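An overview of the molecular structure
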Amino acid sequence: MAGRRRSLGRQFGWLWAAYGVSTVGTMLAFDAFPLIAILVLHAGPAAVSALAAAGLAVGTVLAVPLGPWVEFRAKRSVMVTMDLIRFAAVLSIPAAFALGLLGFAQLLVVSVVVGVADIAFRAASGAHLKALVAPEDLLIANGRFESTSWTATMTGPPLGGFAIGAFGPMTTVTADAVSYLLSALGIRAIGGKEAPPPTRGGTSARLRRGELLEGWRHILTHPSLRPLLFNTILVNGLIMTTAPLLATLMLGSLGFAPWQYGLAFGAPCIGGLIGSRLARRLVVRFGQRRVLLASGALRACWVPWLALVGPGAGGLVLVVTVELGLITSCGIFNPVFATYRLEQTGTDRVARMLSAWTVTSKATIALLTALGGVLAGLTGPRTAIVVAGVLMLATPLLLPRTARTPTHDAVPAVVAD
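Residues numbered from 1 in each chain as written. Predicted model: local features only at pLDDT ≥ 70, side-chain atom pairs only at ≥ 80, totals over all residues. Heavy atoms only, no water.

Inspection of the entire model under this criterion finds five aromatic pairs. Taking the centre distance of 5.6 Å and the plane angle of 55° together, the rings of F12 and F145 count as tilted. On the criterion of sequence distance, the pair formed by F12 in helix α1 (residues 10-28) and F145 in helix α7 (residues 138-167) is long-range, its members being 133 residues apart. With respect to burial, F12 and F145 carry one shared label: buried. Aromatic pair F333 and F337: ring centres 5.5 Å apart, planes at 10°, arrangement stacked. Note that F333 and F337 are positioned in helix α15 (residues 312-343) at a spacing of four residues, about one turn of the helix. Among the aromatic residues, those joined into a cluster by ring pairs are F12, W16, Y19 and F145. Between R86 and the ring centre of F121, over which it is positioned, the NZ or CZ distance is 4.6 Å. (Phe/Tyr/Trp six-rings, centres within 6.5 Å; stacked < 30°, edge-to-face > 60°. Helix = DSSP H or I, 4+ residues; strand = E, 2+ residues; numbered from the N terminus. Buried < 20%, exposed > 50% of the residue type's maximum accessible area, 1.4 Å probe, protein only. Lys NZ or Arg CZ within 6 Å of the ring centre and 35° of its normal.)

This brings us to the confidence of the model for the protein. Reading predicted coordinates in detail is not appropriate for stretches of low pLDDT. For the protein, the mean per-residue pLDDT works out to 83, and 89% of the residues sit at or above 70. Confidence, expressed as mean pLDDT per element, reaches its minimum in the protein at helix α9 (residues 204-211) with 53 and its maximum at helix α5 (residues 75-98) with 94. Considering only residues more than four positions removed or in separate chains, one finds that residues 203-207, a stretch of pLDDT under 50, has three contacts. (pLDDT = per-residue confidence, 0-100. Contact = heavy atoms within 4.5 Å.)

A word on the nonpolar core. Core analysis: the biggest nonpolar cluster contains 56 residues, and F12, L129, L228 and W357 have the highest contact counts within it. When residues in this core are grouped by element, the largest group, 11 residues, is from helix α6 (residues 104-132). Sequence-distant contacts of F12, that is, excluding residues within four places in its chain, are made with L129, L132, V133, A141, R144 and F145. One finds A29, A89, V114 and M170 within the second-largest nonpolar core, a separate group that totals 19 residues. (Core = buried A, V, L, I, M, F, W, Y, C linked by side-chain atoms within 4.5 Å.)

Here D137 is to be found in the loop between α6 and α7. Linking D137 and R280, residues 143 residues apart in sequence, is a C-alpha distance of 10.0 Å.

What follows is about the environment of T369. By secondary structure assignment, the location of T369 is in helix α16 (residues 350-379). Placed 131 residues apart in sequence, T369 and L238 show a C-alpha to C-alpha distance of 7.7 Å. Among all residues touching T369, those that are not within four sequence positions of it are M240, T241 and P244.

Below, the discussion takes up the environment of L391. Inspection of the secondary structure puts L391 in helix α17 (residues 381-394). Sequence-wise, L391 and A300 are 91 residues apart; in three dimensions their C-alpha atoms are separated by 8.9 Å.

It is the contact of helix α13 (residues 270-286) with helix α14 (residues 288-298), at a shortest axis distance of 7 Å, that shows an interaxial angle of 125°. Taken together, α13 and α14 sit at an angle that is classed as oblique. In contact with L282, V283 and F286 of α13, α14 contributes Q288, R290 and V291. (Axes fitted to C-alpha atoms, helices over the stretch in contact; angles between N-to-C directions. Parallel < 35°, antiparallel > 145°, perpendicular 65-115°, else oblique.)

Let us now look at the pattern of salt bridges. With the rule as written, the count across this model stands at eight salt bridges. In this structure, R352 and E71 form a salt bridge, with 3.0 Å as the shortest nitrogen-oxygen distance. Of this pair, R352 sits in helix α16 while E71 sits in helix α4 (residues 66-71); the two residues are 281 residues apart in sequence, bridging distant segments of the chain. Of the charged contacts, one joins D118 and R86 as a salt bridge, the two residues approaching to 3.4 Å between their closest N and O atoms. Residue D118 is located in helix α6, and its partner R86 is located in helix α5; the two are separated by 32 residues in the primary sequence. Within this structure, D83, R86, D118, R122 and K362 form a network of salt bridges that share partners. (Salt bridge = Lys/Arg side-chain N within 4 Å of Asp/Glu carboxyl O.)

A word on a nonpolar patch on the surface. Nonpolar side chains collect at one region of the surface, where L84, V178, L181, L182 and L185 lie side by side and expose about 390 Å² of accessible area between them. With four residues, helix α8 (residues 169-188) is the single largest residue contributor to the nonpolar patch. Overall, the relative accessible area of 31% leaves L181 in the partly exposed class. (Patch = residues over 30% accessible without salt bridge, like charges linked within 9 Å, V, L, I, M, F, W, Y side chains within 5 Å. Areas by Shrake-Rupley, 256 points an atom, 1.4 Å probe, with all protein chains shown as cover.)

Structure below.
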């Protein structure tokens, strides 16, 4: 029955639980580092911006060699190791604060370490998911991850804001650290025998040089993944570029209260739940290709309207409506896209592909966010949002016209209409 939740087994249940607890912890501590820099270390706007940019940019560069490293290792061991590294790094912040030793440099280092570990964890978890569930269940699994992510995004920041106000910013950072430890325990509880990682062949030194770029080579030579890469990194980058611009506009000249700003971005996350629940039903009815193209194009239609936001209730309703449409579109697109990306990549290069994709995406977000800030400084945030919106309208041109391509592992095709 369509309304009955399908079980994907105990092992997936533990993986899902581990993902859920770490995602909730991350959302509880959303923006905790900038708040600590401002409230505890009394850092100025330039230092806070440097904290966000440095963690993203440096972490992305350091993560480039991680794809090959993850590929040829047991994925659960990599995930547990990355969780423990993030646990120790994040927990060092409240520990240093308690000892009176916390400094801005430590926030920078922890931000970089967490960023690198996050990329490695994502690469390993995506590769492990493909090996853990049946091909026909990949979309269901990705839909559940997507719904969990949006649930955490909807509830975590408000609860985290309350906890910070009541107990201080170190509370949510500590909760974030503990969530990584619980995630590691959940992954250890998966049990059973893990599929062996792919093995190297030939001369290892020569292969390592080639392996560094294998993820990008696979993406850029694939007729569908190549345009999908350019589409998704631009869409995500432009969405992230508008976030600080809209915050400056709403909390500055338009005079919205912080709780109104939080409501404008928290409430629409229900669209992510709706979209992720609809994704599989839409694929069954219309086919993966049509859903991928339609939802991918629909994501591009919303951002330009944000430039029209005004003061008062009307402006708040506009932002909530636009964000609801955008997030619902993303909630449909993301699990379908994530499933297709795994289907079109052989098990011997999934980790490298995912690592290359994440590195490219994070680097693009950092670049576009910086450029958006410069443009806003020259022309104002509203003009910068207009430019981002116009560029967003062009992104559907980068979607692949067809999504039927041969897979590397003879995965049963669910791509055709």
